[in-house]
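Residue-level structure breakdown
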Amino acid sequence: MAVYEQSYKRYIGPLTPEWSRFLIIPRHAYRGVFKSKIFTAFFVVCFVPLLVEAILIYLHHNMNALGIMKVDMRELIPIDASFFQTFVNIQGGFAFFVALLVGPPLVSRDLRNNALPLYLCRPFSRTEYVLGKMSVLLILLSMITWIPQLLLFLFQAYLEGFTWFTQNLWIASAIVIGSVVWILLLALISQAISALVKWRVIASAAILGVFFIPSVFAEFLNFVFMTHWGHLISLAALMKNISAGLFGTFVRASGTIRFEDFDGNAREFIVMEPPLWMCWGMLFLVCAICLALLSRKVKAYEVVR
Amino acid sequence: MALPASLQEELLQDQTLNDPAVIDLLGLSVSFGRRPILKNLRGDLRGKAIGLLGPNGAGKTTLIHTLLGFYEPSAGSARIFGYDIHDQAKQIKSLVGYMPERDSFIAKMSAVHFVRLMGELSGLPPEAALERAHEALFYVGLGEARYRKLETYSLGMKQLAKLAQAIVQGPKLLFLDEPTNGLDPPARLRMIKLIREIRDSGQAHIVLSSHLLLDVEECCDEILILREGQIAVYCNLEEERKSNRKFLMLETRGDLTKFVAALKSLGCEYALTGDHRLKIVLQGGVEVRDLYQLAAQERIQLRRLSYKRDSLEDIFLKAMENSNGGV
């Protein structure tokens, strides 16, 4: 079908492998995403905490630099699990805002413009479509979460020595698992909402709502019933517990409440966090609901019964 | 000894290429909930360009969607080039192109970017997809507008862009769902010309769904008429026309008495519709040439002779009247 020939001809050249076709979606999506200068600037800002983290690691191993800056080694934060956990949480926050900016239009725009039949009439399944759309977020969020964190862990291991590396290898797995679970959750929720709501602004508001409204309600429940079991319905709190569990900083007895009973006796009440297995269970439940929603909505045409 | 998988696939491909059946309907039924939409469709569709006709709600679009794997059959199945629509959907989708009825595009993309993306999703490498996107857009007549955003296109241009995305990978079977919907007369003519060109290239079969009889008449060699989810008629358009009785309208001068007697002796039915006007139904074996000879013999002037065959409209109306037709 050459331009000069102006006739219809079939394509007889080589084809790309089927397994790799879902990656076409993120490749084309990034063109649009990075066209926005504001987003590009924000994405660059996402790397600032990582730079700070790298500098802190570097300073720990450079006495000359500390000397020049007149900083005592003891004034620096120790490089341990808590150090990495803090930065994983910070990057998780940035990941949330990136998902909020990039996620809502991914599926909703296709639904609004009836583009799904165009994808699905090709050798491209619904699973590949969802995987492709999720990859847009997963790749982008990986670039600001677990990939640089893992590189910084390796940087620390390089400076500290092999013994430190072998003793703290579990931190690397905590970084990867914690970050991947978080970005997977973000990608699934934003895709599910994007498939439900056709308008970008409403979809963005809905994502914010899903994260913040249950958190407010959870705090209300915690306050009224003097417990922390309300955290089971707060996605942020769930992730905080799971992250703490992975980094070995999770404590079930998370606080005490002191009060006087009707007889005037001082009483102490230990507030317990829900067990970790329950937090994981809730997370799986949320993911399953998102997948069910995607399976229901991502169709070439809705069947009107 | 078992053949290697690649060889088996090649053999199957050869087999399917040699098999003339484009679409094999094997008792295909589709229901939405309890509402049956397609009922036990059976038949081999073998035409180069198959027109899918029927009144609104007859099941034309549902049939196309089911063949594309968008809907699950409630009973029966179908094969496209020998591939089962349920078990071998991916093989089928790599052979077909689809132009949907409704506005369908990916927002915030230029036409060339959109068609390229569609090409890549069909399995073309990025460079080939880009090259063919340019070619397809030139082919449909959007060459000059190919860098414009799709949102800025007129309805006619959007229809052409939809056609471009359907042909970018050079499919072997092209499903066109109401391709002339909403087009003005020049745009419609352009679309019809393109469809005929693709048909005549011999590189692709076409299934054209439309409620516009003229579009189907101009593009298709076979028609499948659906009525209430059932096949009312499936026929070769030319053969169907030929098989029907031929009508002739004659305008004459001279004494008609002997002429009509001679017509009667040939076995032709006739009716006088005016002073010098005759309506004749030609019987088998009697050609127009015979009428000229008869007129010369009886010294009758033939001032006008119009040869009227069954139009698609006649076939369609007959199919609508009689639902007991079949393949």
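Residues numbered from 1 in each chain as written. Chains lettered and ligands numbered in written order. Predicted model: local features only at pLDDT ≥ 70, side-chain atom pairs only at ≥ 80, totals over all residues.

Quick look at the overall build of chain A
What counts here: Numbering goes from the N terminus for both helices and strands, where a helix is a DSSP run of H or I of at least four residues and a strand is a run of E of at least two. Exposed residues have 12 or fewer other C-beta atoms within 10 Å of their own C-beta, buried residues have 20 or more, and partly exposed residues fall in between, where C-beta atoms are placed from the backbone. Two residues qualify as a contact pair if the distance between their C-beta atoms, derived from the backbone, is within 7 Å.
Counting its regular elements, chain A contains 14 helices and 2 strands. The principal-axis extents of the C-alpha atoms in chain A amount to approximately 90 × 60 × 35 Å. For chain A, buried positions account for 36% of its 305 residues. Pairs at least 24 apart in sequence give 72% of the contacts found in chain A among residues at least 6 apart.

Quick look at the overall build of chain B
When you go through chain B residue by residue, the secondary structure sums to 12 helices and 14 strands. Within chain B, the fraction of its 327 residues that count as buried is 41%. Sequence-distant contacts in chain B: of pairs separated by 6 or more residues, those separated by 24 or more amount to 68%.

Considerations on the domain arrangement of chain B
Quick reminder of the rule: These domain boundaries are the output of an automatic or database domain assignment.
Taken domain by domain, chain B comprises domain 1 (20–240) and domain 2 (245–308). The centre of domain 1 of chain B, based on its C-alpha atoms, is set 45 Å off from the matching centre of domain 2 of chain B.

Describing the sheet that holds strand β7 (residues 173–177) of chain B
All names here are of chain B. The test is simple: Criterion used throughout: strands pair if DSSP finds at least two bridges between them. To get an axis, a line is fitted to the C-alpha atoms, and for a helix only the part in contact is used. The angle between two axes follows their N-to-C directions and goes from 0 to 180 degrees.
Across the sheet, 6 strands lie side by side as β6-β7-β8-β3-β9-β10; this open sheet has mixed pairing. Strands at the two margins of the open sheet, each flanked by one partner only, are β6 (96–99) and β10 (230–236). Between one strand and the next, the sheet's axes are offset by a mean angle of 15°, whatever the strand orientation. In this structure, strand β3 (residues 49–53) lies alongside strand β8 (residues 205–209), joined through 4 bridges in parallel fashion.

Concerning the pairing of β3(B)
All names here are of chain B. Within β3, 5 of the 5 residues are buried, which leaves the element mostly enclosed by the surrounding structure. Here β3 shows two buried faces, one formed by Ala49, Gly51 and Leu53 and the other by Ile50 and Leu52. Alignment of β3 against strand β9 (residues 222–227), held across 4 bridges, turns out to be parallel. Bridging across to β9, Leu53 finds its partner in Ile225.

Topic: the sheet that holds strand β4 (residues 75–80) of chain B
Residues and elements named next belong to chain B. In spatial order, the strands read β2-β1-β4-β5; together these 4 strands make up an open sheet with antiparallel pairing. Every other strand in the sheet has two partners, leaving β2 (35–45) and β5 (83–84) as the edge strands with one partner each. Judged from the 8 bridges that link them, strand β1 (residues 23–32) and β2 form a sheet pairing that is antiparallel. Residue pairing in the sheet places Leu26 in a bridge with Arg42 of β2.

Topic: the packing of helix α5 (residues 81–102) of chain A against helix α11 (residues 169–196) of chain A
Residues and elements named next belong to chain A. The test is simple: Every angle not falling under 35 degrees, over 145, or within 65 to 115 is termed oblique; those three ranges are roughly parallel, roughly antiparallel and roughly perpendicular. Here a crossing is called left-handed whenever its near helix is offset anticlockwise from the far helix by less than a right angle, and right-handed whenever the offset is clockwise. Put simply, Ala, Val, Leu, Ile, Met, Phe, Trp, Tyr, Cys and Pro go in the nonpolar bin, Asp, Glu, Lys and Arg in the charged bin, and everything else, Gly too, in the polar bin.
Where α5 contacts α11, the two axes come as close as 10 Å, and the packing angle between them is 15°. It follows that α5 is roughly parallel to α11 by the angle criterion. Between α5 and α11 lies a crossing whose hand is right-handed. Here α5 contributes Ala81, Phe84, Val88, Gly92, Ala95, Phe96 and Ala99 to the contact with α11, which in turn contributes Ile171, Ile175, Gly178, Ser179, Trp182, Ile183, Leu186, Ala187 and Ser190. In terms of residue class, the contact of α5 with α11 is built from 12 nonpolar, 4 polar and no charged.

Examining the nonpolar core
Test applied: Here a nonpolar core is just a set of buried residues of the types Ala, Val, Leu, Ile, Met, Phe, Trp, Tyr and Cys, joined wherever their C-beta atoms sit within 7 Å.
Judged by nonpolar contacts, the single largest core of 153 residues is most densely connected at Ala95(A), Leu186(A), Ile80(B), Val115(B), Ala164(B), Ile206(B) and Leu208(B). Considering every element that reaches this core, the biggest residue donor is α11(A), with 13 residues.

Focus on the interface of chain B and chain A
Opposite the 44 residues of chain B that make contact, chain A presents 35 residues. For the side of chain B that touches chain A, the secondary structure elements donating two or more residues are α3 (89–93), α4 (111–121), α5 (126–140), α6 (155–167) and α7 (185–201) of chain B. Broken down by element, the residue count for the side of chain B that touches chain A peaks at 7 residues, all from α5(B). Class assignment for the residues of the side of chain B that touches chain A results in 21 nonpolar, 12 polar and 11 charged.

A closer look at the packing of helix α13 (residues 235–246) of chain A against helix α14 (residues 276–297) of chain A
Residue and element names in this part refer to chain A. It is at 9 Å that the axes of α13 and α14 come closest, and there the two elements cross at 130°. As summarised for this structure, α13 and α14 are arranged oblique, according to the angle between their axes. Judged by the sense of rotation from one axis to the other, the crossing of α13 with α14 is left-handed. Of the residues in α14, those in contact with Leu235, Leu238, Asn241, Ile242 and Gly245 of α13 are Leu276, Cys279, Trp280, Met282, Leu283 and Val286. Tallied by class, residues from the contact of α13 with α14 come to 9 nonpolar, 2 polar and no charged.

Looking at unusual backbone geometry
One non-glycine residue, Met226(A), adopts positive backbone phi at about 50°. Here Lys108(B), not a glycine, exhibits a phi torsion of approximately 60°, which is positive. Along the chain, Lys108(B) falls in the loop between β6 and α4. Classification of Lys108(B) by C-beta neighbours within 10 Å gives partly exposed; the count is 16.

Observations concerning the pairing of strand β12 (residues 269–272) of chain B
All names here are of chain B. Inspection of the sheet shows β12 paired to strand β13 (residues 277–282) by 4 bridges, in the antiparallel sense. Opposite Leu272, over in β13, you have Leu278 as the bridge partner. Linkage of β12 to β13, two consecutive antiparallel strands, is achieved through a turn of 4 residues.

Regarding the environment of Ala319(B)
As for its placement among the helices and strands, Ala319(B) is situated in helix α12 (residues 312–321). Put simply, Ala319(B) and Ile231(B) are 88 residues apart on the chain and 9.3 Å apart in space, counted from C-alpha to C-alpha.

Comments concerning the confidence of the model for chain B
Residues and elements named next belong to chain B. Convention followed: One confidence number per residue, pLDDT, is output by the predictor and ranges from 0 to 100.
Across chain B, the average pLDDT comes to 86, with 89% of residues at 70 or higher. This stretch, residues 11–17, has a pLDDT under 50; its non-local contacts, to residues over four places away or in other chains, come to 4 contacts. Across the interfaces of the predicted complex, the ipTM metric reaches 0.86, alongside a pTM of 0.84.

Considering the environment of Ala300(A)
Its location among the elements puts Ala300(A) in the segment after α14. C-alpha of Ala300(A) to C-alpha of Gly248(A): the two residues are 52 residues apart in sequence and 46 Å apart in space. Sequence-distant contacts of Ala300(A), defined by excluding residues within four places in its chain, comprise Leu116(A), Pro117(A), Leu120(A) and Phe70(B).

So, the environment of Thr273(B)
Residue and element names in this part refer to chain B. Within the secondary structure, Thr273 sits in the loop between β12 and β13. Sequence spacing of Thr273 and Ala78 is 195 residues, and the spatial spacing of their C-alpha atoms is 50 Å. Setting aside its immediate chain neighbours within four residues, Thr273 contacts Leu278 and Lys279.

Brief notes about α5(B)
Residues and elements named next belong to chain B. Selection criterion: Under the convention used throughout, the expected extent of a helix is 1.5 Å for every residue step, that is, one less than its residue count.
An ideal rise of 1.5 Å per residue puts 21 Å on 15 residues; α5 measures up with 21 Å between its terminal C-alpha atoms. Those residues of α5 that fall on the buried side of the exposure criterion are Ala128, Ala129, Arg132, Ala133, His134, Glu135, Ala136, Leu137, Tyr139 and Val140. One or two residues past the end of α5 sits Gly141, with phi positive at roughly 95°.

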